[in-house]
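# Architecture and fold: a report
Chain by chain, the residues run as shown.
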Amino acid sequence: MNPTFYPLLDALRRMGVDPVSIDQAVKETERSGRTIRDVLINDHIVTESELTKAAADGFGYAHADLADYPLDDEALAKVPLSLILRHRVVGLSMTATELILGITDPADVMAIDDVRAATGMVVRPVVVARSEVRKIIERLQREGSDFAESTAGEIERSVAEAEELEQTSEDAPVVRYVSSLIEQAIQNRASDLHLEPTENEMRVRYRIDGVLHELDSVPRGVQASLLSRIKIMSNIDITERRIPQNGRVTVRVGRRAVDLRVATLPTVWGEKIVMRVLDTGGVELDINKLGFTEHNFDLYGGAFSKPHGMVLVTGPTGSGKSTTLYATLSAISEPTINIITVEDPVEYRLPGINQVQVNQKAGLTFAAVLPAILRSDPDVVLIGEIRDKDTAQIAVEAALTGHLVLSTLHTNDAPGAITRLTEMGIEPFLVGSSIDCVLAQRLARKLCDWCKVEYAPTAEELGNVNWPVELLGMPERLWRPGGCRSCSATGYRGRAALHEVMRVSQEIEALAVARAPSSEIQKVAIGQGLRTLRVDGYTKCLDGKTSIQEVLRVSV
């Protein structure tokens, strides 16, 4: 049972509700996974009105019946639509400096903080019934649907009329909704915003700390207008719905300019849109602050400090590869060396470094621009990603001719990079002699420092997760997630990198020439000091940075 519900249960007992029924409701919640609210109301233990009064009493707030409450349209419009949908809150009335906010869950302190931040006003919460707030939300969504019906036809007819939509009043429901979605995504540290059409509605989700969270569902009638608005903002052809498209838009949040990379994907129910938030304002580019253990940093640092050779960073999309490479560039950047990068797209602008952005339409691909870069007298070359044989061949040749080459590759672990390049068609002897180091990386959610819970692990638990006793010993204490206002009750806030560093020794080079499978290369590398992603994750569990469950989630 979530501790935030204890004040509600105590208030119900003070109201005279049968304590046995309350205890049974708690057990049913733990057994079935239903919320305590649903159990109390649907099992007819209390009415919604009684539950609302108890919630207000338990948390020390006033309560109001919206059926008899005169709503203020100005106060209602003051709260961004995304916050209304996410937290189930509504603005009831307001003065010059104070906003009376109707809330359905008084334990959701983030709701009050988010509204305070979005409006800049003093927020006075009042507990209201969820069914009444639902009616208000349905009315707002109908207004959005009416807007969609009135504009969708014009959108489809011509681009000229689409430009007219772009100049629509900022008060239009769809325009306000898109703006509030983007603003809320940035405020909540989301890395991606997903709009996914289904048979009857469109689902809206955020990816925060690597995990998707469902935010809202939008009526299907609004879908066309919503997608068109986003396409217009990002300069995407709104008349083309049959093929994937890419775009980019810059939005201002406060005093910051934040770039969004927009990608569309046709599905059976319509176009899906994903907006990647390229907010580099809070990104740490200090190589010493990326969470390397001393063992791994000695291996990795020894590789990028060399004047030539290839250093590869591997991992899936969104695993922090670009951040690691940029931090590496920052560590080696000096006025005495020439650093050139070729990327798609350029995500971080670094002073003193020549950065080239790929332009597929103009024919400026990785393979096309790399020869020109090598003729520009570079000391260090960063290639955003090795995607094909041509790019890989040029990268290998550059590493063998006196350049330090940094790049990324999509493989599951560090040894897999050797076999991956061979599979691309690069001669095995060139692979073994050009690569100096491979770093595999994953991002695991960090435990919230405010609420993480210390516990003593049992031998059985450690045995079930194959804890490496020979390397790390038997831990006396570990930590698991709790839940508080700072982490939105998830128990996690932020992410930490897990690393696997493999230096290419003479033995590994011989295995590469012999086309040995990655499993054999891994065995030799472990014997020479490689610590796998999971072992590195367990090391960070000992430091209280993450949990065993999180390490198991992101590593193999």
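Residues numbered from 1 in each chain as written. Predicted model: local features only at pLDDT ≥ 70, side-chain atom pairs only at ≥ 80, totals over all residues. Heavy atoms only, no water.

### Concerning the side chain of Lys 272
Tracing the sequence through the fold places Lys 272 in strand β10 (residues 270-278). A polar atom in the side chain of Lys 272 sits 3.0 Å from the side chain of His 194. Those residues in contact with Lys 272, other than ones at most four positions away along the chain, are His 194, Leu 195, Glu 196, Pro 197, Ala 263, Thr 264, Leu 265 and Thr 267. (Helix = DSSP H or I, 4+ residues; strand = E, 2+ residues; numbered from the N terminus. Polar contact = N/O pair within 3.5 Å; in protein donor to acceptor, adjacent residues only side chain to side chain. Contact = heavy atoms within 4.5 Å.)

### A look at the pattern of salt bridges
Pairs can form between side chains of opposite charge whenever their charged atoms are close. Scanning the entire structure with this criterion turns up 23 salt bridges. The partner of Arg 13 in a salt bridge is Asp 10, with the nearest N and O atoms 3.1 Å apart. Placement of the pair is Arg 13 and Asp 10 together in helix α1 (residues 6-14), with a separation of three residues, close to one helical turn. Accessibility expressed as a relative area gives 36% for Asp 10, which makes it partly exposed. Measuring nitrogen to oxygen at the nearest pair gives 2.7 Å for the salt bridge that ties Glu 196 to Lys 272. Taken together, the residues span a long stretch of sequence, with Glu 196 in strand β5 (residues 190-197) and Lys 272 in strand β10 at a distance of 76 residues. For the pair Glu 196 and Lys 272, a shared accessibility class is recorded, and that class is buried. (Salt bridge = Lys/Arg side-chain N within 4 Å of Asp/Glu carboxyl O. Buried < 20%, exposed > 50% of the residue type's maximum accessible area, 1.4 Å probe, protein only.)

### Brief notes about helix α4 (residues 48-59)
Over its 12 residues, α4 extends 17 Å from the first C-alpha to the last, a length consistent with the 16 Å expected when each residue adds 1.5 Å. Restricting attention to buried positions, one finds in α4 the residues Glu 48, Leu 51, Thr 52, Ala 54, Ala 55 and Ala 56. A positive backbone phi angle near 75° is found at Gly 60, which sits one or two residues after α4. (Expected span 1.5 Å × (residues − 1).)

### Some remarks on the environment of Val 126
For Val 126, the location among the structural elements is in strand β4 (residues 122-127). You can call Val 126 buried: its relative accessible area is 7%. Placed 84 residues apart in sequence, Val 126 and Gly 210 show a C-alpha to C-alpha distance of 34 Å. When residues no more than four places from it in sequence are discounted, the contact partners of Val 126 are Ala 62, His 63, Ala 64, Leu 92, Ile 100, Leu 101, Gly 102 and Ile 103.

### Things to note about unusual backbone geometry
Of all residues except glycine, most have a negative phi; of all peptide bonds, most are trans. The backbone of Asp 209 sits at a positive phi, close to 55°, despite the residue not being glycine. Residue position: Asp 209 is located in the loop between β6 (201-208) and β7 (211-219). Here the phi dihedral of Asn 235 falls at roughly 60°; this positive angle occurs in a residue that is not glycine. Its location among the elements puts Asn 235 in the loop between α11 (223-233) and β8 (245-253). A relative accessible area of 69% places Asn 235 in the exposed class.

### What about the pairing of strand β19 (residues 492-503)?
Of all 12 residues that make up β19, nine are buried, and the element is covered over most of its length. In this structure, strand β16 (residues 435-447) lies alongside β19, joined through 10 bridges in antiparallel fashion. Each residue of the ladder has a partner; that of Leu 447, found in β19, is Tyr 492. (Pairing = 2+ DSSP bridges.)

### So, the packing of helix α20 (residues 506-513) against helix α21 (residues 518-527)
One can describe the packing of α20 onto α21 by two numbers: an axis separation of 10 Å at closest approach and a directional angle of 175°. Classified by the angle between their axes, α20 and α21 sit roughly antiparallel to one another. Counting all contacts with α20, which are made through Glu 507, Ile 508 and Leu 511, the residues of α21 involved are Glu 520, Ile 521, Val 524 and Ala 525. In terms of residue class, the contact of α20 with α21 is made up of five nonpolar, no polar and two charged. (Axes fitted to C-alpha atoms, helices over the stretch in contact; angles between N-to-C directions. Parallel < 35°, antiparallel > 145°, perpendicular 65-115°, else oblique. Nonpolar A, V, L, I, M, F, W, Y, C, P; charged D, E, K, R; others polar.)

### Things to note about the state of the cysteines
Applying the stated rule across the entire model yields zero disulfides. Not engaged in a disulfide, the cysteine Cys 541 finds its nearest cysteine sulfur in Cys 451; these two sulfurs lie 16 Å apart. (Disulfide = S-S within 2.5 Å.)

### Brief notes about the side chain of Thr 532
Along the chain, Thr 532 turns up in the loop between α21 and α22 (533-542). The contact partners of Thr 532, leaving out residues within four places of it in the chain, are His 499, Glu 500, Gln 522 and Ile 526.

### Considering the confidence of the model for the protein chain
A residue-level look at the protein chain finds 91% of positions with pLDDT of 70 or above and a mean pLDDT of 84. Taken together, the stretch residues 145-171 has pLDDT below 50 and engages in 31 contacts with residues farther than four places along the chain or on a different chain. (pLDDT = per-residue confidence, 0-100.)

### A look at the sheet that holds strand β3 (residues 98-103)
Across the sheet, which stays open at both edges, the four strands sit in the order β1-β4-β3-β2 with mixed pairing between neighbours. Edge positions in the sheet fall to β1 (62-63) and β2 (89-94), since each has one partner strand and no second. Strand direction decides the pairing type here: β2 and β3, joined by five bridges, are antiparallel. Looking across to β3, one finds that Val 89 is bridged to Ile 103.

### Concerning the packing of aromatic side chains
How two aromatic rings sit relative to each other is set out by the distance from centre to centre and by the angle between their planes. Summed over all chains, the structure comprises four aromatic pairs. Residues Phe 292 and Phe 297 carry aromatic rings whose centres are separated by 6.0 Å and whose planes lie at 65° to one another, so their mutual orientation is edge-to-face. A relative accessible area of 15% places Phe 292 in the buried class. On the accessibility criterion, Phe 297 (25% relative accessible area) is partly exposed. Note on Phe 292 and Tyr 300: the rings are 5.4 Å apart at their centroids and 10° apart in plane angle, and the pair reads as stacked. The class for Tyr 300 is buried, based on a relative accessible area of 0%. Three or more aromatic residues link up through ring pairs in this structure, and these residues are Phe 292, Phe 297, Tyr 300 and Phe 304. Its guanidinium or amino end placed over the ring of Tyr 492, Arg 445 lies 4.2 Å from that ring's centre, counting from NZ or CZ. One cation-aromatic arrangement involves Lys 452 over Trp 479; the distance from NZ or CZ to the ring centre is 5.5 Å. (Phe/Tyr/Trp six-rings, centres within 6.5 Å; stacked < 30°, edge-to-face > 60°. Lys NZ or Arg CZ within 6 Å of the ring centre and 35° of its normal.)

### As for the environment of Ala 459
For Ala 459, the position within the fold is in helix α18 (residues 459-464). Given a relative accessible area of 57%, Ala 459 falls into the exposed group. With 15 residues separating them along the chain, Ala 459 and Met 474 place their C-alpha atoms 8.3 Å apart.

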